[in-house]
Amino acid sequence: MAMVCLSDFEAYAKKYLPKTAWDYFAAGADDCNTRDENILAYKRIRFQPHVLRDVSMMDIRTKILGTEISFPVGIAPTGFHQLAWPDGEKSTARAKAMNTCYIASTYSTCTLEEISAAAPGGLRWFQLYIHRNRTVSRQLVQRAEALGFQALVLTADLPYTGKRRDDIRNGFCLPPHMKLKNLERDFEGDDRSEYGLPPNSLDPSITWNDIYWLQSLTHLPIIIKGILTKEDAELAVRHGVQGIIVSNHGGRQLDEGPATIDALVEVVEAVRGRVEVYLDGGIRKGSDVLKALALGAKCVFIGRPALWGLAYKGEEGLQDVLRILQDEFRLSMALAGCARVSEIGRHLVQFSKL
Ligand SMILES: Cc1cc2nc3c(=O)[nH]c(=O)nc-3n(C[C@H](O)[C@H](O)[C@H](O)COP(=O)(O)O)c2cc1C
Ligand SMILES: CCCCCCC(=O)C(=O)O
């Protein structure tokens, strides 16, 4: 089967993954309106391309928090990679040949040590969920820092898990041979009824003040994931974070919120260049990446497409996904008249009335 675009990987994953795993990956909250809107919203944005701009030499590299990556697409944190491929997050880390950023989830099925050892030297950030038992979270942060993870990504949009109907229908939980390896010792012997975790293990009482707590634990830059409004963007900057990921968790949390590409505009306006702004949600083509950069994102991250790549052929499949996105991004840039990432700007796009 020739894999030409990301939907080919989606079709493969849907056909070959066990139904419960596919449903978990695909899930959105409630009616899945926000999940679907994340994708539809790109279709309402049109390019205003420029011609005769010498695009014979293309440079698609960029920098995030000072580190160069080969193109402005990274891998968003997603849980349970062994549901897609037996080596799980070790394979994800090994896709580092693409020289981009991988954000490893708290809910990885490999340890942070295994992830680091699988691909020494790769650019990795660590995504943190804050647990009621703060010792668990503190130790995770300290382990990540000691292992050379270069930033901490605090996910702010999951005080409780959104209502994902198919997971409820399927009674989704991790198969017994898969473990949340980074939390194994902490939750030993506990009942594991919620996604393989003890019920109510996450702390829904966290507030902006907990950013200060995190800052007291680590020297790593802190990035907040799950910002959708100008007010929260301003609060994030005031609390001294180094980056913001505009995200609605792939539409898996609050349904009926905005598509991330729509929310990006007000966040970028509010931030006024004080910190880097990234986006995830609905990126399926190189032209989506170009639109997000034109509207002010420094880099975007892919969630489900990375899982589809893993399901296809482990690290090779994930590299295929990234390579296709890279090629499409380079082509879209050239056809829009940009030879370098720094030439991408607001002038390139307009919102259509479709
Ligand atoms: C199966 C799955 C698991 C996820 N697990 C996490 C997670 O552990 N931590 C987190 O911050 N976000 C998690 N997310 C959200 C992603 O980081 C990201 O926001 C979202 O997938 C982006 O949308 P996309 O799938 O359309 O690219 C998960 C998303 C999916 C689809
Ligand atoms: C108890 C929380 C489970 C969350 C699992 C990982 C995640 O973020 C997701 O969206 O799924």
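As recorded by an unreviewed UniProt entry, the protein chain carries the name (S)-2-hydroxy-acid oxidase and is attributed to Lepidothrix coronata. Its UniProt record gives the protein chain a comment under Sequence similarities (unreviewed entry), which states: "Belongs to the FMN-dependent alpha-hydroxy acid dehydrogenase family." Turning to the protein chain, the UniProt record has this under Cofactor (unreviewed entry): "FMN".

*Asks:* So what's going on with the UniProt feature "active site" (unreviewed entry) in the protein chain? Which residues, and what values?
*Replies:* Here the UniProt feature "active site" (unreviewed entry) sits at His249. Note that His249 resides in the loop between β9 (243-246) and α10 (260-271). Of the residues examined, His249 has 25 C-beta atoms within 10 Å and is grouped as buried. Residues in contact with His249, not counting those within four places in the same chain, are Asp157, Leu158 and Gly226.

*Asks:* Go over the site of ligand 2 with me, naming the residues and quoting the values.
*Replies:* Contacts to ligand 2 come from Gly79, Tyr107, Leu158, Thr161, Glu194, Tyr195, Leu197, Leu202, His249 and Arg252. Residue classes in the shell around ligand 2 are distributed as five nonpolar, three polar and two charged.

*Asks:* Explain the nonpolar core to me, using residue names and the numbers behind them.
*Replies:* In terms of nonpolar packing, the biggest core is built from 110 residues, with Leu152, Ile244 and Val267 touching the most fellow members. For this core, the element with the highest residue contribution is helix α12 (residues 304-336), accounting for 14 residues. Sequence-distant contacts of Ile244, defined by excluding residues within four places in its chain, comprise Ile223, Ile224, Ile227, Ala233, Ala236, Val267, Val271, Val275 and Val277.

*Asks:* Describe the packing of helix α11 (residues 286-294) against α12, naming the residues involved and giving the relevant values.
*Replies:* Between α11 and α12, whose axes approach to 7 Å, the crossing angle comes to 60 degrees. One finds that α11 runs oblique with respect to α12. Seen along the crossing, α11 lies across α12 with a hand that is right-handed. The residues of α12 that touch α11, namely those facing Gly286, Ser287, Val289 and Leu290, are Leu325, Asp327, Glu328, Phe329, Leu331, Ser332, Met333 and Ala336. Considering only residue class, the contact of α11 with α12 consists of seven nonpolar, three polar and two charged.

*Asks:* Describe the pairing of strand β8 (residues 222-227), with residues and values.
*Replies:* Counting buried residues in β8 gives six out of six residues, a clear majority hidden from the surface. Sheet topology note: the β8/β9 ladder contains four bridges and is parallel. Counterpart to Ile224 in the pairing with β9 is Ile244. As for the winding sense of the linkage, the β-α-β connection from β8 through helix α9 (residues 230-238) to β9 is right-handed.

*Asks:* Explain unusual backbone geometry residue by residue, including any values.
*Replies:* Despite not being glycine, Leu65 has its phi angle at roughly 45 degrees, a positive value. Structurally, Leu65 is set in the loop between β2 (62-64) and β3 (67-69). For Leu65, a count of 18 C-beta atoms within 10 Å corresponds to the partly exposed category.

Parameters and conventions
Residues numbered from 1 in each chain as written. Chains lettered and ligands numbered in written order. Predicted model: local features only at pLDDT ≥ 70, side-chain atom pairs only at ≥ 80, totals over all residues. UniProt positions renumbered as here; feature names shortened; annotations may be inferred. Helix = DSSP H or I, 4+ residues; strand = E, 2+ residues; numbered from the N terminus. Buried ≥ 20, exposed ≤ 12 C-beta atoms within 10 Å, placed from the backbone. Contact = placed C-beta atoms within 7 Å. Near = placed C-beta within 6 Å. Nonpolar A, V, L, I, M, F, W, Y, C, P; charged D, E, K, R; others polar. Core = buried A, V, L, I, M, F, W, Y, C linked by C-beta atoms within 7 Å. Axes fitted to C-alpha atoms, helices over the stretch in contact; angles between N-to-C directions. Parallel < 35°, antiparallel > 145°, perpendicular 65-115°, else oblique. Left-handed = near helix turned anticlockwise from the far one by under 90°. Pairing = 2+ DSSP bridges. Right-handed = clockwise from strand over helix to strand, strands pointing away.

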